[in-house]
Amino acid sequence: MIERKEPIPPDVLKTNLAAIRARMAEAAVKSSRAPDAVKLVAVTKYVGLEEIRALQELGVSDFGESRIQDAEKKIKALSGAAPLRWHLIGHLQTNKADKAVKLFQTVHSVDSLRVAQALDKEARKQPGREPLPCLLEVNVAGEANKFGLPPQYSPLSELLQQCAALSGIRITGLMSMAPYAGNPEATSRPVFRTLRALFEELNAKNACPHPLTELSMGMTQDYTIAIEEGATIVRVGSALFE
Ligand SMILES: *Cc1c(COP(=O)(O)O)cnc(C)c1O
């Protein structure tokens, strides 16, 4: 994590955000979608409250955090302001599922039945609540240092069927991270294509009772490639804050 003493000036954030939105729009049009079809999740794990507030003023409504503990402090500190939508993008331990359900509006990192069951159990404790939207994280490149399900049809369809019985959560799509690499064109594009193909196969075979709609893929190094390959959500941090 990058530690900073001085907050990043709002005009720098404004310039960075405008550049990212322009590149997102261009990539969306390239993939035959509306310029604003793709959702930006601003990943704020590197920064503090000032930057989050400034981004909110610039029209950002969706924020991503990797760690429950860091997120909890920020979300609580910001809870008086207009509501933001928080996305958990990092690995979740089942003993923190209660906090995850209270703090986040979407969980991108469901990687086992145990995690899904823990979220379901906590979500059902809140009567009247809509099912918590969740995505299954897929470790497409099979990296040993990353979490996620194997990139094969059977384990994903099996977990989708098991999750369909959990009324507290609703699986809305798939998430993946490409390896960090000098050449995202060569390394990220095949990862995103694989995730998209799995997504389409799962929908074509009705692996889930409702269609999956979200593909969360693409970060600073490769978000335009991800959009070209069909991402509906990109998770961008560093490019906002450099
Ligand atoms: C940190 C992180 C991001 C953002 O990465 P940048 O390269 O800073 O844009 C996106 N997704 C996940 C899961 C992350 O942990």
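Small disclaimer: the values here were computed from a predicted structure and weren't measured. The numbers attached to residues start from 1 for each chain and follow its sequence in the written order. Only residues with pLDDT of 70 or above have their local features reported here, since the model is predicted, and side-chain atom pairs are shown and tallied only from 80 upward, although totals for entire chains, interfaces and linings are computed over all residues. To obtain the side-chain values, all non-hydrogen atoms of the structure were included, while hydrogens and water were left out.

Please explain the side chain of Thr44 as it appears in this structure.
The numbering of helices and of strands both runs from the N terminus, where a helix is a DSSP run of H or I of at least 4 residues and a strand a run of E of at least 2. Relative to the assigned elements, Thr44 resides in the loop between β1 (39-43) and α2 (49-57). Exposure classes here rest on a 1.4 Å probe applied to the protein chains alone. A residue is buried below 20% of its type maximum, exposed above 50%, and partly exposed in between. By relative accessible area, Thr44 is classed as buried at 0%. Here Glu65 takes part through its side chain, which lies 2.7 Å from a polar atom of the side chain of Thr44. Residues in contact with Thr44, not counting those within four places in the same chain, are Ile52, Leu55, Phe63, Gly64, Glu65, Lys74, Trp86 and Phe241. A 3.5 Å cut-off defines polar contacts: any pair of N or O atoms within that distance qualifies, except that in protein one atom must be a possible hydrogen donor and the other a possible acceptor, and neighbouring residues in sequence count only when both atoms are side-chain atoms. In this description, contact between two residues means that some pair of their heavy atoms is separated by no more than 4.5 Å.

How do you make sense of the environment of Ala97 when you look at a structure like this?
Relative to the assigned elements, Ala97 resides in helix α4 (residues 97-103). Accessibility expressed as a relative area gives 2% for Ala97, which makes it buried. Spatially, the C-alpha atom of Ala97 lies 16 Å from that of Ser167, the residues being 70 residues apart in sequence. Residue contacts for Ala97: discarding those within four places in its chain leaves Leu92, Ala118, Leu119 and Glu122.

Help me understand the pattern of salt bridges, please; the structure alone is not making it clear to me.
Opposite charge on two side chains allows them to pair when their charged atoms are near. Every case where a carboxyl oxygen of Asp or Glu lies within 4 Å of a side-chain nitrogen of Lys or Arg is listed as a salt bridge. Scanning the model with the defined rule gives 16 salt bridges in all. The partner of Arg189 in a salt bridge is Glu228, with the nearest N and O atoms 2.7 Å apart. On the criterion of sequence distance, the pair formed by Arg189 in helix α7 (residues 184-204) and Glu228 in helix α8 (residues 223-228) is long-range, its members being 39 residues apart. The class of Glu228 is partly exposed, set by a relative accessible area of 23%. Between Arg189 and Glu229 there is a salt bridge, and its shortest N-O distance comes to 2.7 Å. Taken together, the positions of Arg189 in helix α7 and Glu229 in the loop between α8 and β8 (233-236) put the pair 40 residues apart, joining distant regions of the chain. Here Arg189 and Glu229 have matching classes, each one buried.

What is the right way to read helix α6 (residues 153-164) from this model?
Here the expected length of a helix is defined as 1.5 Å per residue gap, with one fewer gap than residues. Taking 1.5 Å per residue as the helical rise, α6 with its 12 residues ought to reach 16 Å, and the 16 Å between its terminal C-alpha atoms agrees with that figure. Buried within α6 we find Leu156, Ser157, Leu159, Leu160 and Cys163. Down the axis of α6, the sector holding all buried residues measures 165°, keeping them to one side. If you follow the buried residues of α6, they end up packed against α5 (113-123), β5 (132-137), β6 (169-176) and α7. As used here, the arc belongs to the directions running from the helix axis to the C-beta atoms.

Where do I start with unusual backbone geometry in this structure?
Across residues other than glycine, the phi torsion is negative in most instances, and most of the peptide bonds are trans. A positive phi is found at Ser32, a non-glycine position, where the angle reads about 60°. On the basis of relative accessibility, which here comes to 69%, the residue Ser32 falls in the exposed class. One non-glycine residue, Asn206, lies in the positive phi region at around 50°. Exposure remark for Asn206: the relative accessible area of 60% places this residue in the exposed category.

Explain the packing of α6 against α7 here, please?
Working note: a packed helix pair is described by the angle between its axes plus the distance between those axes. Here the axes come from fitting lines to C-alpha atoms, over the contacting stretch only for helices, and the angles between their N-to-C directions go from 0 to 180 degrees. Put simply, α6 and α7 touch, their axes get as near as 11 Å, and they point 50° apart. Between α6 and α7, the angle falls in the class oblique. The handedness of the crossing between α6 and α7 comes out as right-handed. Facing α6, whose interface residues are Tyr153, Leu156, Ser157 and Leu160, α7 presents Leu198, Glu201 and Leu202. Residues belonging to the contact of α6 with α7 are distributed by class as follows: five nonpolar, one polar and one charged. Each angle gets one of four labels, with under 35 degrees taken as roughly parallel, over 145 as roughly antiparallel, 65 to 115 as roughly perpendicular, and the rest as oblique. For a crossing to be left-handed, the near helix must be turned anticlockwise from the far one by less than a right angle; the clockwise case is right-handed. Polar here means any residue other than Ala, Val, Leu, Ile, Met, Phe, Trp, Tyr, Cys and Pro, which are nonpolar, and Asp, Glu, Lys and Arg, which are charged; Gly is therefore polar.

What is the right way to look at the environment of Glu72 in this model?
For Glu72, the position within the fold is in helix α3 (residues 68-77). For the pair Glu72 and Asp36, spaced 36 residues apart in sequence, the C-alpha to C-alpha distance is 30 Å. Contacts of Glu72, omitting those with residues within four sequence positions, involve Lys99 and Leu103.

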